[in-house]
Amino acid sequence: MGTTSSFINYSVSKIDGLSSFFSYCKYESVDSTNEILKDLANKSFPEGTLVHALMQSKGKGRSGKAWYSPKGNLFFSILLRPKVPISVISQLSFVASLAVRQGLVNITNNMNGFIFKWPNDMLLNNKKISGILLECSPTNVSNVPDWVVIGIGLNIFESPEELDFATSLNEHGYFVDLNILIKEIANHLEKFYKDWLINGFENIRNIWLKYSHPKGKKISIVIQNKKIEGKFNGITSDGSLIIKLFDNSTKVISGGEVNLI
Ligand code: BTN
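Residues numbered from 1 in each chain as written. Predicted model: local features only at pLDDT ≥ 70, side-chain atom pairs only at ≥ 80, totals over all residues. Heavy atoms only, no water.

## A closer look at the nonpolar core
Move 1: In this structure, Leu92, Leu154, Leu169 and Leu181 are the most contacted members of the largest nonpolar core, which totals 57 residues.
Move 2: Built from parts of two domains, this core gets at least three residues from each of domain 1 (11-210) and domain 2 (218-260).
Move 3: Leu37, Ala41, Leu79 and Val149 belong to the second largest nonpolar core, which has twelve residues in total. (Core = buried A, V, L, I, M, F, W, Y, C linked by side-chain atoms within 4.5 Å. Buried < 20%, exposed > 50% of the residue type's maximum accessible area, 1.4 Å probe, protein only. Domains from an automatic or database assignment.)

Here is the structure:
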């Protein structure tokens, strides 16, 4: 464990109502909950290990960006060990997105405000409130990774001031108990994860599409320094983005940052 972490608690199901699938580890402050959990994963900690920190000194976002991590916001990571090939692992970020949304809906009773932005951002009234960072181990000879870490960051108390496309729950008048929110998200993640293991991606994909920005929404995406504009046209059976260009051709994109126009 890094010297920047102070370990204040570790117990199974310490959060009331948290499924026994999870082993809950709580830290005062860490560099990044993903980094702590990757270390535990390499030390053979079991599937379901959940690391929560009250703040992060080096919170990581997607594409090498930093993740704003002050006390009061929510940062946690969950360890999974699905025996599936690397080619389908990115579907787990959709699994986690569904859990984040369901947790937020249950706790706020806001059924319509939370929508997905591809691939795994959660928007509240069109501003980003949550992000997911998925990392996994190198694969074995069968192309199966040993572990997957799903990191979830949620702006509860405040969002980064310099980003006018970000928001927080408090800015919208929602004041929530972090433990209840963790429990709601984690328990739903277990449910969607087990459904995905048994039935595959189709059901997850359909639910995601139901609550994403609508088809036809104008979007832009930057790929290799080139900006592409078009209309959102759904996601493929493996989660890639389908964009309809203004010349009516379609393009399938597997990675990048989408902006809603
Ligand atoms: C994104 O860029 O949208 C992904 C943000 C993911 C942030 C979370 S906070 C908990 C976990 N630990 C990290 O360092 N990052 C993820």
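The discussion continues.
## Comments concerning the site of the ligand
Move 1: Close contacts around the ligand come from 20 residues, with Ser32, Gln56, Lys60, Arg62 and Lys128 the closest.
Move 2: Contacts to the ligand include Thr33, whose side-chain N or O atom sits 3.1 Å from a nitrogen atom.
Move 3: Interatomic distance of 2.6 Å between a side-chain N/O atom of Lys128 and an oxygen atom of the ligand.
Move 4: Summarising the interface, the protein chains cover 97% of the accessible area of the ligand, which totals 420 Å² for the free molecule.
Move 5: Within the residue set of the shell around the ligand, elements represented by two or more residues are helix H1 (33-42), strand E4 (74-80), strand E7 (127-136) and strand E8 (148-154).
Move 6: Per-element tally for the shell around the ligand: the top contributor is E7, with four residues.
Move 7: For the shell around the ligand, the per-class residue count stands at six nonpolar, ten polar and four charged. (Near = heavy atom within 4 Å. Polar contact = N/O pair within 3.5 Å; in protein donor to acceptor, adjacent residues only side chain to side chain. Areas by Shrake-Rupley, 256 points an atom, 1.4 Å probe, with all protein chains shown as cover. Helix = DSSP H or I, 4+ residues; strand = E, 2+ residues; numbered from the N terminus. Nonpolar A, V, L, I, M, F, W, Y, C, P; charged D, E, K, R; others polar.)

## Some words on the domain arrangement of the protein chain
Move 1: When its domains are assigned, the protein chain resolves into domain 1 (11-210) and domain 2 (218-260).
Move 2: Distance between the C-alpha centres of domain 1 and domain 2: 24 Å.
Move 3: Of the residues lining the interface, 15 residues belong to domain 1; the matching set on domain 2 comes to 17 residues.
Move 4: In terms of surface lost to domain 2, no three residues of domain 1 exceed Lys117, Trp118 and Arg205, which account for 50% of the buried area on that side.
Move 5: For the pair domain 1 and domain 2, the number of links is two salt bridges.
Move 6: Between Arg62 and Glu257 there is a salt bridge, and its shortest N-O distance comes to 3.3 Å.
Move 7: Between the two partners, domain 1 and domain 2, sit five residue pairs in polar contact (both at pLDDT 80 or more).
Move 8: Where the side of domain 1 that touches domain 2 is concerned, the elements lending two or more residues are helix H2 (91-108), strand E6 (121-124) and helix H4 (202-210).
Move 9: Here the side of domain 1 that touches domain 2 gets three residues from one element, more than from any other, and that element is H4. (Contact = heavy atoms within 4.5 Å. Buried area = accessible area lost by both parts, 1.4 Å probe. Salt bridge = Lys/Arg side-chain N within 4 Å of Asp/Glu carboxyl O.)

## So, the sheet that holds strand E11 (residues 241-245)
Move 1: Judged by pairing direction, the sheet is antiparallel, and its five strands sit side by side in the order E12-E11-E10-E9-E13 without closing on themselves. At either end of the open sheet lies a strand with only one pairing partner, and these are strand E12 (250-253) and strand E13 (257-260). Between one strand and the next, the sheet's axes are offset by a mean angle of 45°, whatever the strand orientation.
Move 2: In this sheet, E11 lies alongside strand E10 (residues 226-235) in antiparallel orientation, the contact comprising four bridges. Its bridge partner being in E11, Lys231 is matched across the sheet by Lys244. (Pairing = 2+ DSSP bridges. Axes fitted to C-alpha atoms, helices over the stretch in contact; angles between N-to-C directions.)

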